[in-house]
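Spelled out from the first residue to the last, the chains are:
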Amino acid sequence: MQAQMRAVRLIGRDEELRALDAAASRATRFQTPQFVTLVGPLGIGKTRLMAEWLGRTEARVLRVARSSGAEPLGVAAALLRARFGVDERLDPDGALAALRAQLQEVFGDRRVSEVAGLLGRFLGFDLREGPLAEALALHPDQELEVARAVLCRFLEEDARRKPTVILFEDLHAVDDASLDLLARLPAELGEAPLMIVGTARPELLVRRQEWGRGEGSHVRVDLPPLSTLQMELFMRAALGAETLAPGLGERAAVESGGNPFLLGQLLSVYLEHGVLVAETGSGYRFDVDKAGGEELGGSPEEAAQARVTELSQAERDLLGRGAAFGSTFWTGGVVAIGRLGAEPWDPTTVFAPDPSIEEVRRMLALLAEREYVVRMPSSSIAGETEWSFVKAPEQAMVVASVDPEVMGRRKRFAAQWLSGRAATTSERMELIASLYEAGGDPRRAGQGFIAAADEARRLYRQERARKLYLRGLRLLDLDDSVLKLEAYHKLGDVAARLGRKREGMAHFAQMLRVAWRMDLPAKGGAAHARIGRLHRSMGEYEKALQHLDLARILFELAGDQPGIAATFDDIGRIHFLTGKADESMKCHRAAFAVRETLSDERGKALTLSWIGLLEVQAGHLAQAQQSFRKALTLSRSARDPQGVVFALVDLAAVEREAGSPDRAQRLLTEARKLARDMGERLYECHIALQIGRCLLLRGQADMAERELRAAKEIARKFGARRLIAEAERGLAEVRLGLGDNLAARDHASTALAMAEAIHAAPLAGAALRVLATAVARGAPGDPDRGGPREMFDRAVELLGGIGAELELGRTFAAYAEFEEQTGRSDAAWGLRAQAHGIHQRARVGISDAHATGSMTLS
């Protein structure tokens, strides 16, 4: 009958248990939070040690599951989910409600909305609008600081109610932001009986060499392999034997490396396969020869550890060199790392045939036969043979077997080796940066991530660029202020293009701080200008003007003429949107004059586009067409795809107003293709709005509605209230055309409310026209706004006061229809005459665009 393995008490961990007991005593006796990190490879007994120790404590224990992937601040999110019982699948409102309820219980304070919002930041919730949210919107670093402080206060208060042990497992696998957060907790927590225990494999020390070695209440406990005596005690206890069979102790010590889990697995396999046989009494016979042919079973990680122990020292070292690159490596890279700290074997002919290269190739071929590595069918580096680890657990075991300091040096050298081979792709640059980061060189890592982000941004891969900029900026310090300045500028731009406008403002605010620190007023002006534009796009015109005025002052101080011109255009655009046409035209003409002296063709095209929009609003379509054509020509010559898109969209508006929606739609189709190639979602919103209006004119109401709803969704994502209002007004006109007057009224009311909220007079006038029409056709009205006549009169007054001629003409036509229905034929005739006059004057001088062939993309 086969002998059975016995449960073994914890052996050889007395010192580690005393360290945990001492930390717990300090936490409870002195109300001083303690942090202990247990470090050791897989199977060394971290979990067993924790189970043994936790069995003694009466404190509340929170087991924090490892967060998935690279979730930013994942351990904080996992901690809050564990403490509040928040399921990751719970909807955000439900999760926030659970969070708020627990906070009220802990703090005894029902005014916890802002606190819940801040802690909710770790769970991925947006801050609720409020005074604190507004104050922190432009200061993301301070927002995180405040959120961390609130988290610390909560942990303190919670622990005072009941002493608490928080267990974080597998710290080596969490994201860097989480490690930063945890590293700072010991210093920031106040008085409370709180103990934090983390477990980690040695890979953590590659990333954070000094983890747990600084001053303060953070202690690192390294779990060593069992000693020879401890292994003997373990095996005798497991087998119930008074003595060990000859050869068993030596063989098990070599194969297990003193790892208690692997030692237990070895004994089980030996018993199962008859390598270790029970004899009379408590004795065992061990078959040394048979033991050499057995393989360790168990989980993939257990099998990996067994397979790695089978490698010779040379093979393990070779794979360790390959693992410095990650899961994929190259023969030449392995050879190069092997030369670290070495000298050429023949100084006179350093590039003569090197026997070690052939040896590396031979060993890799043998390792491939044994399925440790696999040769890739093609290599991402020309002239190199590329290899990949077959099994990730084996790669992890190899990494764990290398001294962290040695692995760090190898990773830095691997990054340099890759840098010497054309790193033209964003992915290759990111790999190099990651190696520098893992190798303990944050500065070069930060520079590498920024370079990778620049390449991704050049290819319009905006979300990838954003993540890489964030990684890079986190690693840079004051010595890299110039690079940080440019990176914050680009990151803000990328965030804005992705619809993250508040985040974009925060990055530009960081740019402003760096510019101030370096005394660079022109860069400060650029930061203010970008913040102003974002406020403008959100319909916050007062705030926009404040930032743009500051930008102009700083540009003038720096003598930055292009910046001054751009600011004039930005201010002019706000005047246009708020119905101040004369002031807008003055600003744009001033901008054009500056750009003319600078021979700035790209800038001139942009200014001409703004001037053309003013001319369209004033009903001067021929002049507008001329301006837009010039802008298109200049943008093409400057190879500016954004300028080309603007010009095509603007020329399409002229065609539509001139009664050629088919031509307009063709131009918009080309503009949309270009915008999509650039990944410019907000441009697509503008284009969809225009296409919707063209389709409506062509009588294709269903298709028009789809376009307008798509535009509204994009605008909502970007927080662009003006564009949302335009989409709502367009949808109201679609509903009017379909005879659904009630829905038309609702859409028009929404558009009007939004236009009034952002003080956009032209939009408000257009929304009033549609609302009055819907009410005139039978939809219930709003007593506060009066009947259709009062609304039409208000629209005429508003549009006439700002010189919005084309929209005024449409309002006269709709007003005439209403007066005709009410029997006031004379009034209707007069209104129609005014509408016809505006319509005729607007079309004077309009040429056939397609006769010149100048309005389509070549």
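Residues numbered from 1 in each chain as written. Predicted model: local features only at pLDDT ≥ 70, side-chain atom pairs only at ≥ 80, totals over all residues. Heavy atoms only, no water.

Thoughts on the overall build of the protein chain
Scanning the protein chain for helices and strands turns up 41 helices and 10 strands. The buried share of the protein chain, reckoned over its 858 residues, is 52%. Residue pairs at least 24 apart in sequence account for 65% of intrachain contacts in the protein chain once pairs closer than 6 positions are excluded. Element-wise, carbon and sulfur atoms account for 52% of the exposed surface of the protein chain, whose accessible area totals about 38400 Å². (Helix = DSSP H or I, 4+ residues; strand = E, 2+ residues; numbered from the N terminus. Buried < 20%, exposed > 50% of the residue type's maximum accessible area, 1.4 Å probe, protein only. Contact = heavy atoms within 4.5 Å. Areas by Shrake-Rupley, 256 points an atom, 1.4 Å probe, with all protein chains shown as cover.)

Quick word on the sheet that holds strand 10 (residues 386-389)
Read across the open sheet, the 3 strands follow the order 8-10-9; overall the sheet is antiparallel. Strands at the two margins of the open sheet, each flanked by one partner only, are strand 8 (328-330) and strand 9 (373-375). Between one strand and the next, the sheet's axes are offset by a mean angle of 30°, whatever the strand orientation. With 3 bridges connecting them, strand 9 and strand 10 associate as antiparallel partners. When the sheet's bridge partners are listed, Val373 is paired in strand 10 with Phe389. (Pairing = 2+ DSSP bridges. Axes fitted to C-alpha atoms, helices over the stretch in contact; angles between N-to-C directions.)

Observations concerning the packing of aromatic side chains
Inspection of every chain in the model, using the stated rule, returns 8 aromatic pairs. Look at Phe792 and Tyr815: their rings are 4.8 Å apart centre to centre, the planes differ by 15°, and that puts the pair in the stacked class. Of this pair, Phe792 sits in helix 38 (residues 788-802) while Tyr815 sits in helix 39 (residues 805-821), placing them 23 residues apart in sequence. By relative accessible area, which is 0% here, Phe792 ends up buried. By relative accessible area, which is 6% here, Tyr815 ends up buried. (Phe/Tyr/Trp six-rings, centres within 6.5 Å; stacked < 30°, edge-to-face > 60°.)

Points about the pattern of salt bridges
Within the structure shown, the criterion is met by 64 salt bridges. Close ionic contact of Arg160 with Glu157 constitutes a salt bridge, the shortest N to O distance being 2.9 Å. A residue pair is termed a helical-turn pair when its members lie 3 or 4 positions apart in one helix, as Arg160 and Glu157 do in helix 7 (residues 140-161) at 3 residues. Between Glu817 and Arg777 there is a salt bridge whose closest N-O contact spans 3.2 Å. Here Glu817, found in helix 39, pairs with Arg777, found in the loop between helix 37 (761-776) and helix 38; they are 40 residues apart in sequence, far enough to count as distant. Residue Glu817 is classed as partly exposed on the basis of its relative accessible area, which comes to 30%. Taken together, the shared-partner salt bridges connect Glu427, Glu430, Glu437, Arg461, Arg464, Arg471 and Arg474 into one network. (Salt bridge = Lys/Arg side-chain N within 4 Å of Asp/Glu carboxyl O.)

Examining unusual backbone geometry
Of note, the phi angle at Gln31 is positive, near 50°, even though the residue is not glycine. Considering the arrangement of structural elements, one finds Gln31 in the loop between helix 1 (14-29) and strand 1 (34-39). Owing to a relative accessible area of 30%, Gln31 belongs among the partly exposed residues under this scheme.

Quick word on the sheet that holds strand 5 (residues 218-222)
Ordered in space as 2-3-4-1-5, the 5 strands form an open sheet in which the pairing is parallel. Across the chains shown, the open sheet's two edge strands, defined by having one partner strand only, are strand 2 (60-64) and strand 5. Looking at each pair of strands side by side, their axes are set apart by 20° on average, direction ignored. Across 5 bridges, strand 3 (residues 164-168) lies against strand 4 (residues 194-200) in parallel orientation. If you follow Ile166 over to strand 4, its bridge partner there is Ile196.

Things to note about the pairing of strand 4
With 7 of its 7 residues buried, strand 4 lies for the most part within the structure. As paired elements, strand 1 and strand 4 share 6 bridges and run parallel to each other. Bridging from a neighbouring strand, Gln34 pairs with Met195 of strand 4. A crossover connection joins strand 3 to the parallel strand 4 through helix 8 (residues 176-188); in handedness this β-α-β unit is right-handed. (Right-handed = clockwise from strand over helix to strand, strands pointing away.)

Brief notes about the environment of Trp53
Within the fold, Trp53 resides in helix 2 (residues 46-54). With 35 residues separating them in the primary sequence, Trp53 and Arg18 have C-alpha atoms 9.6 Å apart. Leave out the neighbours within four places in its chain, and Trp53 touches Leu17, Leu20, Asp21, Ala24, Val165 and Met195. One polar contact links Trp53 to Asp21, side chain to side chain, over a distance of 2.8 Å. (Polar contact = N/O pair within 3.5 Å; in protein donor to acceptor, adjacent residues only side chain to side chain.)

Some thoughts on helix 1
The first and last C-alpha atoms of helix 1 sit 22 Å apart over 16 residues, in line with the 22 Å expected at 1.5 Å per residue. Those residues of helix 1 that sit buried are Glu16, Leu17, Leu20, Ala23, Ala24 and Ala27. For helix 1, the buried positions fall inside an angular range of 125° around the axis, keeping them on one side. In this structure, helix 1 carries Glu15, Arg18 and Arg29 as exposed residues pointing more than 90 degrees from its buried face. Those residues of helix 1 hidden inside the fold are in contact with strand 1, helix 2, strand 4 and strand 5. (Expected span 1.5 Å × (residues − 1). Arc of directions from axis to C-beta.)

Here's the deal with the packing of helix 35 (residues 721-737) against helix 37
Relative orientation of the contacting elements helix 35 and helix 37 amounts to 25°, with a least axis distance of 10 Å. Here helix 35 is positioned roughly parallel relative to helix 37, judged by the angle of their axes. As for the relative orientation of helix 35 and helix 37, their crossing is left-handed in sense. Contacts between helix 35 and helix 37 involve Arg722, Ala725, Glu726, Arg729, Ala732, Glu733 and Leu736 from the first element and Leu763, Ala766, Ala767, Arg769, Val770, Thr773 and Ala774 from the second. When grouped by side-chain class, the residues that make up the contact of helix 35 with helix 37 number 8 nonpolar, 1 polar and 5 charged. (Parallel < 35°, antiparallel > 145°, perpendicular 65-115°, else oblique. Left-handed = near helix turned anticlockwise from the far one by under 90°. Nonpolar A, V, L, I, M, F, W, Y, C, P; charged D, E, K, R; others polar.)

Topic: the side chain of Glu455
Positionally, Glu455 belongs in helix 21 (residues 442-458). Within polar-contact distance, the side chain of Glu455 engages the side chain of Arg458 at 2.8 Å. The residues contacting Glu455, other than those within four sequence positions of it, are Thr424, Thr425, Ser426 and Met429.

Structural notes on helix 19 (residues 404-419)
For helix 19, spanning 16 residues, the distance from its first C-alpha to its last is 23 Å, which sits close to the expected 22 Å at 1.5 Å a residue. Where helix 19 is concerned, the buried positions are Met407, Gly408, Arg410, Lys411, Ala414, Ala415, Trp417 and Leu418. Buried residues along helix 19 sit against helix 9 (203-207), helix 15 (313-323), strand 8, helix 16 (331-338), helix 18 (392-400) and helix 20 (426-438). For helix 19, the N-terminal capping position is held by Asp403, with its side-chain oxygen 3.0 Å away from the main-chain nitrogen of Glu405.

Describing the packing of helix 30 (residues 621-637) against helix 31 (residues 641-657)
Two elements in contact, helix 30 and helix 31, have axes separated by 8 Å at closest approach and are oriented at 160°. The angle between the axes of helix 30 and helix 31 places the two elements in the roughly antiparallel class. Crossing of helix 30 against helix 31: the hand is left-handed. Listed contacts from helix 31 to Leu621, Ala624, Gln625, Phe628, Arg629, Ala631, Leu632, Ser635 and Arg636 of helix 30 are Gly643, Val644, Ala647, Leu648, Asp650, Leu651, Val654, Glu655 and Glu657. Broken down by class, the residue content of the contact of helix 30 with helix 31 amounts to 10 nonpolar, 3 polar and 5 charged.

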